[in-house]
Amino acid sequence: MEPIQIAIDGPAASGKSSVARLLAARLGFLYVNTGGMYRAVTWLALRRGISASDGPALVEAISSGGIFFDPGASEVLMKADGEDAAAFLNSAEVNAAVSVVAAAPEVRRILVAMQQRFAEHQDVVMEGRDICTVVLPRTPFKFYIHASEEVRQQRRAAQGLHDSISKRDALDQTRATAPLDGAAAVEAGAHWIDSTALSLEGVIGEIVGRMKDRGLVIDLGRWTVTRRPE
Ligand code: CDP
């Protein structure tokens, strides 16, 4: 049986991480935060004094054992130089450099291959910028979560994080390799969700409704999911 792969893309602070994490927990799927993976590589670069734009040096650092990603039952454990990266991923320093690291095609190639492996044999909810178009192009369960810039700024500020999301979005949208592109995601089959005025449960409800339309049977009492027989 093919695994069920739920792909969620969207700009910074659109709410996709909260939605993806909660949906994965309820369904018992693996949650893959691909932004976290680019953030872990960025933290490694900062620790080692590697320039964020030096793709070959970043690849060397990743492949010589600097990065360890372990997909557990519910989330991917991320380590840099043997140290749990979780507490450092949303620091101001990482926020400021991550979009430069993520623009390096060599880095993307390695991380995309890992992300595809995580989704090969287990059900996943995977979120990022290029999941619908590049990482999981064949899944029928694709979503693009948008929200107005004002609301996104407010959400990030409410988390108490220092993060220039407009600058990050601009870099993500204009890079040459796999740019953030809502229209391309929709063209690849993603269902567009404007979360500006929606609660977390509102967005999850819209995703679940769409998944049912696309051939899944979801028991919301127990949050079990099965494929509808052909
Ligand atoms: O949570 P937030 O929306 O702030 O960002 P994130 O998902 O943690 O992603 C951080 C950064 O990683 C983005 O600004 C992109 O530069 C990069 N990224 C990417 O290029 N491709 C992905 N699939 C996921 C993230």
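Preceding block: the structure.
So, here is what we can say about the structure in this document. This is a predicted model, so every value here is computed, not measured.

**Notes on the overall build of the protein chain**
Part 1 of the reasoning: Counting secondary structure elements, the protein chain contains 10 helices and 10 strands.
Part 2 of the reasoning: By the compact-globule yardstick of 17 Å for 230 residues, the protein chain fits well, its C-alpha radius of gyration being 17 Å.
Part 3 of the reasoning: With the C-alpha coordinates of the protein chain rotated into their principal frame, the extents come out at 50 × 40 × 30 Å.
Part 4 of the reasoning: Relative to its full complement of 230 residues, the protein chain shows a buried share of 47%.
Part 5 of the reasoning: In the protein chain, once contacts between residues fewer than 6 apart in sequence are set aside, the share between residues at least 24 apart is 71%.
Part 6 of the reasoning: Averaging the positions of the 25 positive and the 28 negative side-chain charges in the protein chain gives two centres separated by 2 Å.

**Quick look at the nonpolar core**
Part 1 of the reasoning: Counting residues in hydrophobic clusters, the biggest one holds 44 residues, and the most contacted among them are F69 and V107.
Part 2 of the reasoning: With 7 residues, helix α2 (residues 34-48) is the largest single contributor of residues to this core.
Part 3 of the reasoning: In this view, F69 contacts M37, A40, V76, L77, M78, L111, M114 and F118; residues no more than four positions away in its chain are not counted.
Part 4 of the reasoning: Core analysis: the second largest hydrophobic core is formed by 24 residues, V125, F143, V208 and W223 among them.

**Observations regarding the sheet that holds strand β7 (residues 141-146)**
Part 1 of the reasoning: Spatial ordering of the open sheet is given by β2-β6-β1-β7-β8, a layout of 5 strands whose pairing is parallel. Both outer strands of the open sheet, β2 (30-33) and β8 (191-194), are each paired with one neighbouring strand and no more. Taken pair by pair, the neighbouring strands of this sheet meet at an average axis angle of 20°, ignoring direction.
Part 2 of the reasoning: Bridge count for strand β1 (residues 5-9) against strand β6 (residues 124-128) is 5 bridges, and the pairing is parallel. Residue pairing in the sheet places D9 in a bridge with G128 of β6.
Part 3 of the reasoning: Those strands touched by helix α1 (residues 16-27) are β1, β2, β6 and β7, and its axis lies near 175° from that of β6.
Part 4 of the reasoning: Its contacts with the sheet place helix α10 (residues 200-213) against β1, β7 and β8, and it is angled at close to 160° to β8.

**Description of the site of the ligand**
Part 1 of the reasoning: Around the ligand lies a shell of 20 residues, among which R39, R108, R156, R168 and D172 are the nearest.
Part 2 of the reasoning: In the environment of the ligand, a nitrogen atom lies 2.8 Å from a nitrogen or oxygen atom belonging to the side chain of D130.
Part 3 of the reasoning: In the environment of the ligand, an oxygen atom lies 2.7 Å from a nitrogen or oxygen atom belonging to the side chain of R168.
Part 4 of the reasoning: Counting only elements with at least two residues in the shell around the ligand, the list comes to α1, α2, α4 (92-101) and α8 (165-174).
Part 5 of the reasoning: Of the residues forming the shell around the ligand, the biggest block, 4 residues, is contributed by α2.

**Notes on the packing of aromatic side chains**
Part 1 of the reasoning: In this structure the tally under the stated criterion is 2 aromatic pairs.
Part 2 of the reasoning: Aromatic pair W43 and F88: ring centres 4.2 Å apart, planes at 10°, arrangement stacked. On the criterion of sequence distance, the pair formed by W43 in helix α2 and F88 in the loop between β5 (83-84) and α4 is long-range, its members being 45 residues apart.
Part 3 of the reasoning: W43 gets classed as buried once you look at its relative accessible area, which sits at 9%.
Part 4 of the reasoning: Plain terms: the ring middles of Y144 and W192 are 4.9 Å apart, the flat faces sit at 20° to each other, and that makes the pair stacked.

**Regarding the pattern of salt bridges**
Part 1 of the reasoning: Under the definition given, this model contains 12 salt bridges.
Part 2 of the reasoning: R26 is the salt-bridge partner of E201, the closest N and O atoms lying 2.6 Å from each other. Residue E201 is found in helix α10, and its partner R26 is found in helix α1; the two are separated by 175 residues along the sequence.
Part 3 of the reasoning: On the basis of relative accessible area, R26 is assigned to the partly exposed category, the value being 26%.
Part 4 of the reasoning: Ionic pairing is found between D81 and R48, a salt bridge with its closest N-O pair at 2.7 Å. Separated by 33 residues along the polypeptide, D81 in the loop between β4 (76-80) and β5 and R48 in helix α2 bring together distant segments of the chain.
Part 5 of the reasoning: Connected through shared salt-bridge partners, R47, R48, D81 and E83 make up one network.

What counts and how
- Residues numbered from 1 in each chain as written.
- Predicted model: local features only at pLDDT ≥ 70, side-chain atom pairs only at ≥ 80, totals over all residues.
- Heavy atoms only, no water.
- Helix = DSSP H or I, 4+ residues; strand = E, 2+ residues; numbered from the N terminus.
- Rg over C-alpha atoms; globule rule 2.2 N^0.38 Å.
- Buried < 20%, exposed > 50% of the residue type's maximum accessible area, 1.4 Å probe, protein only.
- Contact = heavy atoms within 4.5 Å.
- Lys, Arg positive; Asp, Glu negative; His and termini not counted.
- Charge placed at Lys NZ, Arg CZ, Asp CG, Glu CD.
- Core = buried A, V, L, I, M, F, W, Y, C linked by side-chain atoms within 4.5 Å.
- Pairing = 2+ DSSP bridges.
- Axes fitted to C-alpha atoms, helices over the stretch in contact; angles between N-to-C directions.
- Near = heavy atom within 4 Å.
- Polar contact = N/O pair within 3.5 Å; in protein donor to acceptor, adjacent residues only side chain to side chain.
- Phe/Tyr/Trp six-rings, centres within 6.5 Å; stacked < 30°, edge-to-face > 60°.
- Salt bridge = Lys/Arg side-chain N within 4 Å of Asp/Glu carboxyl O.

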